[in-house]
Amino acid sequence: MLSLRPPHTTFPRTSPWLRWGRLGGAAAPHCLSAAAPALARETAAGPGSVSFPILVNGCTGKMGLAVAEAAVLRGLHLVPVSFSSREKVKETIQVGQTDIRICGPSAREDDLSSVADEFPDVIVVDYTAPDSVNCKQFNPLFVMGTTGGDRQLLYKSVQDSKNYALISPQMGKQVVAFVALMRIFAEQFPGTYSGYHLEVLESHQASKKDTSGTAKDVIACFEKLGVPYDMNRMVKIRDPEQQLEMVGVPEEHIDGHAFHLYHLTSSDDSASFEFQHNVGGRSIYAEGTIDAAIFLHSKVQSKDSKRIYNMEDVSREGYMR
Ligand SMILES: NC(=O)C1=CN([C@@H]2O[C@H](COP(=O)(O)OP(=O)(O)OC[C@H]3O[C@@H](n4cnc5c(N)ncnc54)[C@H](OP(=O)(O)O)[C@@H]3O)[C@@H](O)[C@H]2O)C=CC1
Ligand SMILES: O=C(O)C1=N[C@H](C(=O)O)C[C@H](O)C1
């Protein structure tokens, strides 16, 4: 029998878990109630649409594969190479008509420089693991979807190299808009929730190694709103059984989901506020990543003076489909 109390945490005074528990039932939001195909919309490069080479790093993983599939559907030229952390991997992955060769890390620099020679405008998309975020980027143009690592160092290395990059721990445009709203909210009403108590819960697939980068961004907004928060208190759920039983994640999304809940309570318990964003599957991130790559390609073509972008830039300029 599962306890509804998450281990080692203070249980919120008004339990959000009970509501989470109901999400998987009849009242489940539409987007999560059916197994939506990874890429529901068949799209292709139409008249006037853009195409350029794209190399997706981490194609052996869930995001890498979803982005490679989305790239093909959007008519981009998928470069048939991807990298793995494993040295002696003898593997190819078929995406559409393309057989992607999976290469080990030791020859990465040489392999990437041959790709760059052949495709000078190639954009490399990275969906690997937090411990590879600060590896040297051998390609001057890249989209970094991988979370974690030393983010300050990542930005500094791009600044120093004068490369073009788009970096975002969140590529789903609806979530990006929510985080932007929270940031504007905090800028306009700093300190409004002083004295309130914040609980943050996030649930992701068991393979996720780090804490939600998106939750960290939202928490920074709550801090501006007057609520200090110790990141170590964040409840991270990685156990599939808890996700099914307590969080209410639909079974088909146990291997790929991002449920977030932020719960604010006043010091006298007389008022509470709750914010949630719950995503099943990988499709919104894959679509957003292709939007990001197209956006970055256009910035490179126009030799824009700004070189480091985020997903809010993409949304604001109307590049999101
Ligand atoms: N920005 C966004 O919107 C989103 C970001 N993410 C982030 O993307 C990352 C990947 O997520 P996800 O696809 O779910 O994870 P997976 O574990 O499914 O895939 C990651 C893949 O990266 C490969 N990998 C690990 N280290 C290296 C390395 N040094 N070089 C090359 N490949 C490597 C692994 O393959 P192998 O074993 O062959 O090395 C693995 O298959 C995570 O950081 C996650 O938080 C996820 C969803 C959305
Ligand atoms: O690993 C994931 O799955 C996700 N990672 C990103 C994050 O850490 O914020 C975005 C989303 O939560 C999915």
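Shown above is the structure to which this text applies.
Residues numbered from 1 in each chain as written. Chains lettered and ligands numbered in written order. Predicted model: local features only at pLDDT ≥ 70, side-chain atom pairs only at ≥ 80, totals over all residues. Heavy atoms only, no water.

Novice: Break down the site of ligand 2 for me, citing the residues and quoting the values.
Specialist: As a matter of local geometry, ligand 2 sits amid 13 residues, with His204, Gln205, Lys208, Gly213 and Thr214 nearest to it. Within the contact set of ligand 2, an oxygen atom lies 3.5 Å away from a backbone nitrogen or oxygen of proline 169. Here an oxygen atom of ligand 2 sits 2.8 Å away from a polar atom, N or O, in the side chain of lysine 208. Protein chains bury 90% of the 320 Å² of accessible surface belonging to ligand 2 in isolation. In this structure the site holding ligand 2 corresponds to the largest pocket. Broken down by secondary-structure element, the contributors of at least two residues to the shell around ligand 2 are α7 (213-224) and β11 (257-265). Counted by class, the shell around ligand 2 contains three nonpolar, eight polar and two charged residues. Summarising the domain contributions, the shell around ligand 2 has at least three residues from each of domain 1 (16-24 + 172-280) and domain 2 (35-171 + 283-317). (Near = heavy atom within 4 Å. Polar contact = N/O pair within 3.5 Å; in protein donor to acceptor, adjacent residues only side chain to side chain. Areas by Shrake-Rupley, 256 points an atom, 1.4 Å probe, with all protein chains shown as cover. 1 Å grid on protein atoms, 1.4 Å probe; cavity = no way out; pocket = protein on both sides within 12 Å on 5 of 7 lines; lining within 4 Å. Sits in = over half its atoms within 2 Å of the grid points. Helix = DSSP H or I, 4+ residues; strand = E, 2+ residues; numbered from the N terminus. Nonpolar A, V, L, I, M, F, W, Y, C, P; charged D, E, K, R; others polar. Domains from an automatic or database assignment.)

Novice: Break down the sheet that holds strand β3 (residues 81-83) for me, citing the residues and quoting the values.
Specialist: Two strands in a sheet stick together by hydrogen bonds in their backbones, pointing the same way (parallel) or opposite ways (antiparallel). Sheet architecture is open: three strands sit in the order β3-β5-β4, paired in mixed fashion. Because the sheet does not close on itself, it has two edges, and the strands there are β3 and β4 (91-95). When strand polarity is set aside, the average angle formed by the axes of neighbouring strands in this sheet is 30 degrees. Those strands touched by helix α3 (residues 62-73) are β4 and β5 (98-103), and its axis lies near 45 degrees from that of β4. (Pairing = 2+ DSSP bridges. Axes fitted to C-alpha atoms, helices over the stretch in contact; angles between N-to-C directions. Contact = heavy atoms within 4.5 Å.)

Novice: Give a description of the environment of valine 122 that names residues and reports values.
Specialist: Looking at where valine 122 falls in the secondary structure, it is placed in the loop between α4 (108-118) and β6 (123-126). The spacing of valine 122 and serine 207 is 85 residues in sequence and 29 Å in space, taken between C-alpha atoms. Not counting residues up to four positions away in its chain, the partners in contact with valine 122 are Pro53, Ile54, Leu55, Val79, Val115, Ala116, Asn139 and Leu141.

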